[in-house]
Amino acid sequence: MIVFKMLRRAVVALGVASAIAGALRLRSGGGVPPASGGWRELHDSELR
Amino acid sequence: MVAENANAPRVTIHGLGAVGGRIAEYLTRSGNIDVVAATTGASGADDDLPMRTVPAGTCVPCDVAVLAVPPGHHASLAQQHLEAGADVVSVSDAVDDITALLELDAAAKQADRRLAVGVAFSPGYTCLLSDHANRYFDEISEIHVAKDGTGGPACARQHHAALKRQGWQLRDGSWLRPTGGSGRELLWFPGAVGSADCYHSALGSPLLLEPAFADVRRLTARVAATRRDRFTSRLPMLTPPHAEGAVGAVRVEVRGHQAGIPDTVVLGAIDYPARGAAIVATAVVDVLLARVRGGANGGPGPGASGLATWRMATTLLPACATYGLKPHVFEGSFAQPAPGSS
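Residues numbered from 1 in each chain as written. Chains lettered and ligands numbered in written order. Predicted model: local features only at pLDDT ≥ 70, side-chain atom pairs only at ≥ 80, totals over all residues. Heavy atoms only, no water.

**Points about the pairing of strand β7 (residues 139-148) of chain B**
All names here are of chain B. Within β7, 9 of the 10 residues are buried, leaving the element largely enclosed by the surrounding structure. Bridge count for β7 against strand β13 (residues 248-258) is 9 bridges, and the pairing is antiparallel. Opposite Asp148, over in β13, you have Ala249 as the bridge partner. Two elements, β7 and strand β12 (residues 218-224), share 6 bridges in a ladder whose sense is parallel. By the bridge assignment, Ile143 is partnered in β12 with Leu219. (Buried < 20%, exposed > 50% of the residue type's maximum accessible area, 1.4 Å probe, protein only. Helix = DSSP H or I, 4+ residues; strand = E, 2+ residues; numbered from the N terminus. Pairing = 2+ DSSP bridges.)

What follows is the structure in structure tokens.
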């Protein structure tokens, strides 16, 4: 009985962890590492 | 060959080092300024510049006096020139000089003259960048200044001495004195300078920015330093400084609110620090001479202050750009346009 209870708890814990991981996976897009940007010289028109 | 023109405004330059020598070159280049150099030491200017030289420390009557001597002598020279009726431009970035010069505010107002304090690469150009950033915000809450590099030998000695002294940091209306060499922060500068670890140090920028930004809650200033710089800062300089340092850079990170939304703007510039300081000082001299010639409307009022208080970034930044010192903005990793840019 104790073994079945432990197994059941383990299965529930794995299920909850999978659900959380899945939700986080869906929410965060990941995306592409930035490949542009940085410092840019200000134009004369931006100084006045 | 010195051009004699009785109507030309006169500018006296104290010190012809890496900064003063360049200022002399820029001013004599215009051809309609009577430039007098007060110097006896090694000159950082070409020998054939059309200007007169007088012994160091001589206060020749003039319209504008530029103080480009090593730190420690600026307040006494400024006082003499103010009493003689000249506007004064000090390029010193030493805290002791800056505080002593700001204390001459009453004397400058009484003489109806302008005493521009901390007119260098940082402070100076960083004050102009902070003023420029003002346009992006309804309210500025934080300004963080950093610089990398040194100019001539006097600047290198000042950098060495400043790193072991307590800095100035404003936090919620109170001045804190962080230990020199503490507060490491990895900061990115424009161009080839790139990233550098920066530390608290005895820098005058916060003292000059605080009067110009009434609502600001945090002001910090850091200087880029290597481990060797920090280790040897409490020792005498082990080797004589170079005649001039390598390319340096400055950056100003400004935080505030625009239409209720918090935002951050990072501005910077890259140049040889001595050249950058000379360009800023020359642009300021041009503004002051325009007043002498009677062609300027508005401009700075009498008194002693930093350039951010002048609120003339729209005039001085383009003027500096004509000499080759151009501001940069950090646009972030996704190249979003800077706030307010078209």
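Read on for the rest.
**Focus on helix α9 (residues 273-292) of chain B**
All names here are of chain B. Spanning 20 residues, α9 covers 28 Å between terminal C-alpha atoms, matching the ideal 28 Å at 1.5 Å per step. Counting buried residues along α9, 15 of its 20 residues qualify, which places the element largely inside the surrounding structure. Looking one or two places after α9, you find Gly294, whose phi comes out positive at around 85 degrees. (Expected span 1.5 Å × (residues − 1).)

**Describing empty space enclosed by the protein**
Residues and elements named next belong to chain B. One pass over the structure, following the stated rule, counts 2 cavities of 30 Å³ or more. If you add up the space inside the largest cavity, you get close to 40 Å³. When contributions to the lining of the largest cavity are tallied by element, the ones reaching two or more residues are β7, β10 (185-188), β12 and β13. No other element matches the 3 residues that β7 contributes to the lining of the largest cavity. Here the residues of the lining of the largest cavity are counted per class, giving 3 nonpolar, 2 polar and 4 charged. Considering only enclosed or pocket space, the second largest cavity measures out at about 30 Å³ in volume. Lining the second largest cavity we find Ser122, Pro123, Val145, Lys147, Leu203, Gly204 and Ser205. Of the residues that constitute the lining of the second largest cavity, the class distribution is 3 nonpolar, 3 polar and 1 charged. (1 Å grid on protein atoms, 1.4 Å probe; cavity = no way out; pocket = protein on both sides within 12 Å on 5 of 7 lines; lining within 4 Å. Points joined across faces, edges and corners; volume = space filled by probe spheres on them. Nonpolar A, V, L, I, M, F, W, Y, C, P; charged D, E, K, R; others polar.)

**Re the packing of helix α5 (residues 125-133) of chain B against helix α11 (residues 313-322) of chain B**
Residue and element names in this part refer to chain B. Relative to each other, α5 and α11 sit at 130 degrees, their axes nearing to 9 Å. Put simply, α5 runs oblique to α11. Crossing of α5 over α11 shows left-handed handedness. Every residue of α11 that contacts α5 at Tyr125, Leu128, Leu129, Asp131 and His132 is listed here: Ala313, Leu316, Leu317 and Cys320. For the contact of α5 with α11, the per-class residue count stands at 7 nonpolar, 1 polar and 1 charged. (Axes fitted to C-alpha atoms, helices over the stretch in contact; angles between N-to-C directions. Parallel < 35°, antiparallel > 145°, perpendicular 65-115°, else oblique. Left-handed = near helix turned anticlockwise from the far one by under 90°. Contact = heavy atoms within 4.5 Å.)

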